[in-house]
Amino acid sequence: MNYCNLCGSTVRFEIPAGDNRPRHICNECGEIHYVNPKIIAGCLPVYEDKVLLCKRAIEPRVGYWTLPAGFMENGESTRNAAARETLEEANARVSDLQLYTLTSIVPVSQVQMIYLAQLDDLNFSAGDETTDVQLFTEETVPWDDLAFQTIRNALRFYFADRKNGAFPLHHVDLETPPGHYIDKPELKPEKPEDGQ
């Protein structure tokens, strides 16, 4: 940030009084600008023994497969954001959304929340940010062509959990630098604390 969003003056980067982290502070009006992590919400849509994946039409990772997900907008819940992104990217309607994976993507200051959801029907198609949308069984998932490690993790968790018939919430801290998400070995969920 070079300029204040309120008055347009230049900013300095220092620790404000009473804080413990450097922030952008306006040299003119004194406004402190807080830059916080972005939330990505999406769905892992399930239909019978298959999952719905989208082929990306935009960067990053254009041409690779992913779950329908995107940045949350102001004025919506994470659940509504996940359903909206699924409708926008796959023209698919989902129900019974249950938070399934919660991933802190530390190097890029993002938090990804993927909801396990039931695909309502087979009326889906590619949206503006996708070139293809398909249902895949575990055996037919294009594992080598998945866009992000977070997507690989969510799918592996799902297929493993399906065998057990229970779908707990998985917490993952992803600390790999950008560009290496897909190459890092599968991450395991954090162990529950206090017997939870």
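Residues numbered from 1 in each chain as written. Predicted model: local features only at pLDDT ≥ 70, side-chain atom pairs only at ≥ 80, totals over all residues. Heavy atoms only, no water.

### So, the sheet that holds strand β3 (residues 32-33)
Inference 1: On the basis of which strands lie adjacent, the open sheet formed by 3 strands has the order β1-β2-β3 and antiparallel pairing. Looking at strand neighbours, the two that pair on one side only are β1 (11-14) and β3, the edges of this open sheet.
Inference 2: Across 2 bridges, strand β2 (residues 23-26) lies against β3 in antiparallel orientation. Looking at the pairing, Ile 25 lines up with Ile 32 of β3. (Pairing = 2+ DSSP bridges. Helix = DSSP H or I, 4+ residues; strand = E, 2+ residues; numbered from the N terminus.)

### Observations concerning the environment of Asn 153
Inference 1: For Asn 153, the location among the structural elements is in helix α2 (residues 149-164).
Inference 2: Residues Asn 153 and Val 172, spaced 19 residues apart in sequence, show a C-alpha to C-alpha distance of 9.0 Å.

### Let's talk about the packing of aromatic side chains
Inference 1: Per the counting criterion, the structure on display carries 5 aromatic pairs.
Inference 2: Ring geometry for Tyr 158 and Phe 167: centres 5.6 Å apart, planes at 20°, overall stacked.
Inference 3: A cation sits over an aromatic face here: Arg 61 above Tyr 64, 4.0 Å from the ring centre.
Inference 4: Seen from the ring of Trp 143, Arg 156 lies directly overhead, with NZ or CZ sitting 5.3 Å from the centre. (Phe/Tyr/Trp six-rings, centres within 6.5 Å; stacked < 30°, edge-to-face > 60°. Lys NZ or Arg CZ within 6 Å of the ring centre and 35° of its normal.)

### Describing the confidence of the model for the protein
Low-pLDDT stretches of the model should not have their predicted coordinates read in fine detail.
Inference 1: Of the residues in the protein, 89% reach a pLDDT of 70 or more, and the chain-wide mean stands at 91.
Inference 2: In the predicted structure, residues 180-196 sits below a pLDDT of 50 and forms 35 contacts with residues beyond four places in sequence or in another chain. (pLDDT = per-residue confidence, 0-100. Contact = heavy atoms within 4.5 Å.)

### Quick word on unusual backbone geometry
Inference 1: Along the chain, Glu 59 connects to Pro 60 via a cis peptide bond; the corresponding omega equals 0°.
Inference 2: Tracing the sequence through the fold places Pro 60 in the loop between β5 (50-56) and β6 (65-66).
Inference 3: Unlike most non-glycine residues, Arg 61 shows phi in positive territory, near 65°.
Inference 4: Examined against the element boundaries, Arg 61 turns out to sit in the loop between β5 and β6.
Inference 5: When its relative accessible area of 26% is taken as the criterion, Arg 61 is described as partly exposed. (Buried < 20%, exposed > 50% of the residue type's maximum accessible area, 1.4 Å probe, protein only.)

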